[in-house]
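Residue-level structural notes
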Amino acid sequence: MSSDVWTRVVGDESEAIVFRRPRQESVDFDITPMIDVTFLLLIFFLVASSMDVGRALELPPARYGKGANPAQSTIITVAYQGDNMPPAVYLADGKLGTPLPDDSQQQRQQLVAAVREGLLSGKRDVIVKAERKLKHKDVARILEDISEVEGVRIYIGVIEKD
């Protein structure tokens, strides 16, 4: 028998006596002061810290590495056209001729075709020249397109304007 139920015998009949435990109130943990302290610490560290955004990063010159010979390379130039404009892609060294269409699928097809044609003519290296103001995602998309062709080495350069 359970310890909570007892039987009481009264005369010929027996009846169960049920002992109930007193209800315990649930303990609530108030975390409001902890949240307040957390936000105060956050505000303190935001105000007390200083960002060093204006400092330029000086990169050391390359000690090792080998450049690509432009005469034996397929050269692709990526030019900046504006903040809300897609970059202009040229299949030449510089902004020569007409750029590839702005449609990314057509650009991909023409880039892959040009790199394959260069590979067939013995040009294993591909040099991608990009202007400074271009976003990384624009250049990365073009590099991804070029990397579809197996057997090429990709070199990246930055065109600096005076």
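Report follows, based on the coordinates. This is a predicted model, so every value here is computed, not measured.

What follows deals with the overall build of the chain. Tallying secondary structure elements over the chain gives three helices and six strands in all. The buried share of the chain, taken over its 162 residues, is 23%. Partitioning the contacts of the chain with sequence separation of at least 6, the portion at a separation of at least 24 is 56%. For the chain, the exposed area adds up to about 13400 Å²; of that, 55% sits on carbon and sulfur atoms.

Turning our eyes to something else, we now look at the packing of aromatic side chains. Counted under the stated rule, the structure contains one aromatic pair. For the pair Phe44 and Phe45, a centre-to-centre distance of 5.3 Å together with 70° between the ring planes defines the contact as edge-to-face. For the pair formed by Phe44 and Phe45, the shared burial category is exposed.

Turning our eyes to something else, we now look at the layout of surface pockets. In this structure, the largest pocket occupies an estimated 190 Å³ of space. In this structure, the largest pocket is lined by Ser73, Thr74, Ile75, Leu91, Ala92, Asp93, Ala114, Glu117, Gly118, Ser121 and Lys123. Counting only elements with at least two residues in the lining of the largest pocket, the list comes to strand S3 (73-79) and helix H2 (104-120).

Scanning all chains against the criterion turns up six salt bridges. Residue Asp145 is joined to Arg141 by a salt bridge in which the shortest nitrogen-to-oxygen separation is 3.8 Å. Of this pair, Asp145 and Arg141 are both found in helix H3 (residues 136-146), four residues apart, which corresponds to roughly one turn of the helix. The class for Asp145 is buried, based on a relative accessible area of 1%.

Core analysis: the biggest nonpolar cluster contains 17 residues, and Ile76, Val115, Val126 and Ile146 have the highest contact counts within it. Mapped onto this core, the elements with two or more residues apiece are S3, H2, strand S5 (125-131) and H3. Ranked by the residues each element gives to this core, the list is headed by H3, at four residues. Excluding its chain neighbours within four sequence positions, the residues that come into contact with Val115 are Ile76, Val126, Ile146, Val149 and Val152.

Turning to a nonpolar patch on the surface, a few remarks are in order. A contiguous nonpolar surface patch, about 970 Å² in accessible area, is contributed by Phe29, Ile31, Met34, Ile35, Phe39, Leu42, Ile43, Leu46 and Val47. Residue position: Met34 is located in helix H1 (residues 32-48). For Met34, a relative accessible area of 48% translates into the label partly exposed.

The rules behind these values
Residues numbered from 1 in each chain as written. Predicted model: local features only at pLDDT ≥ 70, side-chain atom pairs only at ≥ 80, totals over all residues. Heavy atoms only, no water. Helix = DSSP H or I, 4+ residues; strand = E, 2+ residues; numbered from the N terminus. Buried < 20%, exposed > 50% of the residue type's maximum accessible area, 1.4 Å probe, protein only. Contact = heavy atoms within 4.5 Å. Areas by Shrake-Rupley, 256 points an atom, 1.4 Å probe, with all protein chains shown as cover. Phe/Tyr/Trp six-rings, centres within 6.5 Å; stacked < 30°, edge-to-face > 60°. 1 Å grid on protein atoms, 1.4 Å probe; cavity = no way out; pocket = protein on both sides within 12 Å on 5 of 7 lines; lining within 4 Å. Points joined across faces, edges and corners; volume = space filled by probe spheres on them. Salt bridge = Lys/Arg side-chain N within 4 Å of Asp/Glu carboxyl O. Core = buried A, V, L, I, M, F, W, Y, C linked by side-chain atoms within 4.5 Å. Patch = residues over 30% accessible without salt bridge, like charges linked within 9 Å, V, L, I, M, F, W, Y side chains within 5 Å.

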